[in-house]
Amino acid sequence: MPTALITGITGQDGSYLTEHLLSLGYAVHGVVRRTSTLERSRLRHLYGDPQIYGRSLILHYADLEDPTSLRRILVKVAPDEVYHLAGQSHVGLSFEIAESTVDSVAMGTLRLLEIIRDLPKPPRFFHAASSEIFGRPAQVPQDEATPMVPVNPYGAAKAFAAGLVRIYREKHGLFLVNGILYNHESPRRGENFVTRKICRAAAAISQGRQEFLQLGDTSAQRDWGDARDYVRGMWLALQHPQPEDFIFATGVLHTVQDVVEAAFSVAGLDWQKYVRRDERLLRSQEPFALVGNAAKAERLLGWRPGKDLQALVRWMVEAEL
Ligand code: GDD
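(A) How the structure looks around the overall build of the chain. What the chain contains, in helices and strands, is 10 helices and 13 strands. Computed over its C-alpha atoms, the radius of gyration of the chain comes to 19 Å, within 12% of the 20 Å expected for a compact globule of 321 residues. Viewed in the frame of its principal axes, the chain has a C-alpha envelope of about 60 × 50 × 40 Å. Sequence separation of at least 24 residues holds for 78% of the intrachain contacts in the chain that already meet a minimum separation of 6. Carbon and sulfur atoms provide 49% of the accessible area of the chain, an area that totals close to 14200 Å². If the 37 positive side-chain charges of the chain are averaged to one point and the 37 negative ones to another, these points end up 4 Å apart.

Structural data, given as structure tokens:
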């Protein structure tokens, strides 16, 4: 039975990746942080199943800020594959909590790489990098060779981490991969990310539980895909014979406004009556035309994402309803 270790297992991607790996016969170990509230809702269906929890799914307490705890788990579990998904992931918030963002995202990755480098049998390692490393890209769409020009602390931290993955891969000959992930969504998306916020609000307004929706820049554009496709890509990237970086993206740009119109139409509402602009939600530095070219992942991994934003939004609104 192959063994995987996932940091960030309680998040959207961690939960879908866990399901995917369990379906492939893996033993899945997850790193969880001790917090005052138990945030395990996305794993509850697995956690509550005695055939799975404690057998093929095992959770361990550790923290990216606590290298001793990480080292202990990596030595004990001796995984074949590590999927590093953890870290503060809200771009707007990274301006408010810059130090802790950089510590978890950048230094957290460095700590894992330093531990892995010392292991007698180093695992294959997937780093969830982000399209935010490109910020103001010189090229549209971006590919694996596009230079990194981040425009916020989160993007800068991801660029640092992605750069180290490349350096450690070359210098130490380790199997380390950056998956450069563009936005990917699902009903399990965190509530403060824009697609989930919109879909939640459309459903709640239609059921009389909310009055209106406040948004920042609705002309902002993103390349949004289905999270389940992206976790499949993570696994495929670690099965490839050589460690290489891969872009995972749909290649299609949409505006936040497109998501608003799609979501309110599924909920049977006229969006113009309910959507308001809130200046406090505007970001000082918006990235520009972040849209990815995933041709390499398609050619080498056979990876192809769904591209239908309407279907994605429908799934999310219906889940809220
Ligand atoms: N969150 C949020 N809330 N975003 C808003 C709002 C709002 O009320 N109104 C407009 N937006 C705009 C943001 O300014 C941004 O341009 C866009 O909606 C998407 O914002 P998010 O959903 O917060 O995602 P993100 O693109 O900043 O970051 C996500 O994707 C990255 C990959 O490209 C996160 O998942 C990152 O962790 C990830 O790396």
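Picking up where we left off.
(B) Molecular detail of the pattern of salt bridges. For the structure shown, the criterion picks out 19 salt bridges. When the shortest N-O distance is used, the salt bridge between Arg 189 and Glu 185 registers 2.8 Å. Under the relative-accessibility criterion, Glu 185 is labelled buried at 1%. A salt bridge links Asp 226 to Arg 228; its shortest N-O distance comes to 2.7 Å. Since its relative accessible area comes to 39%, Arg 228 is described here as partly exposed. Through salt bridges with shared partners, a single network forms among Glu 132, Arg 222 and Glu 286.

(C) Here's a closer look at the site of the ligand. Lining the immediate environment of the ligand, one finds 23 residues, of which Ser 89, Ser 131, Tyr 154, Asn 183 and Glu 286 sit closest. The contact in question runs from an oxygen atom of the ligand to an N or O atom on the side chain of Tyr 154, over 2.6 Å. Asn 192 places a polar main-chain atom, nitrogen or oxygen, 2.8 Å from a nitrogen atom of the ligand. Isolated, the ligand exposes 720 Å² of accessible area, and the fraction of that covered by the protein chains is 95%. Sorting the residues of the shell around the ligand by element identifies α6 (194-206) and β8 (213-215) as the ones contributing at least two each. Class assignment for the residues of the shell around the ligand results in 9 nonpolar, 8 polar and 6 charged. Each of domain 1 (3-185 + 224-251) and domain 2 (194-220 + 253-291 + 306-320) accounts for three or more of the residues forming the shell around the ligand.

(D) Focus on the packing of α6 against helix α8 (residues 256-266). Contact pair α6 / α8: the axes reach a minimum separation of 9 Å and the direction vectors enclose 30 degrees. In terms of orientation, α6 lies roughly parallel with respect to α8. Read as a crossing pair, α6 and α8 show a hand that is right-handed. Only Val 256, Val 259, Val 260, Ala 263 and Phe 264 of α8 make contact with α6, whose side of the interface consists of Val 194, Thr 195, Ile 198, Cys 199, Ala 202 and Ile 205. A class-by-class count of the residues in the contact of α6 with α8 yields 10 nonpolar, 1 polar and no charged.

Procedures and definitions
- Residues numbered from 1 in each chain as written.
- Predicted model: local features only at pLDDT ≥ 70, side-chain atom pairs only at ≥ 80, totals over all residues.
- Heavy atoms only, no water.
- Helix = DSSP H or I, 4+ residues; strand = E, 2+ residues; numbered from the N terminus.
- Rg over C-alpha atoms; globule rule 2.2 N^0.38 Å.
- Contact = heavy atoms within 4.5 Å.
- Areas by Shrake-Rupley, 256 points an atom, 1.4 Å probe, with all protein chains shown as cover.
- Lys, Arg positive; Asp, Glu negative; His and termini not counted.
- Charge placed at Lys NZ, Arg CZ, Asp CG, Glu CD.
- Salt bridge = Lys/Arg side-chain N within 4 Å of Asp/Glu carboxyl O.
- Buried < 20%, exposed > 50% of the residue type's maximum accessible area, 1.4 Å probe, protein only.
- Near = heavy atom within 4 Å.
- Polar contact = N/O pair within 3.5 Å; in protein donor to acceptor, adjacent residues only side chain to side chain.
- Nonpolar A, V, L, I, M, F, W, Y, C, P; charged D, E, K, R; others polar.
- Domains from an automatic or database assignment.
- Axes fitted to C-alpha atoms, helices over the stretch in contact; angles between N-to-C directions.
- Parallel < 35°, antiparallel > 145°, perpendicular 65-115°, else oblique.
- Left-handed = near helix turned anticlockwise from the far one by under 90°.

So, to be careful, I would describe these as geometric facts and stop short of saying anything about function.
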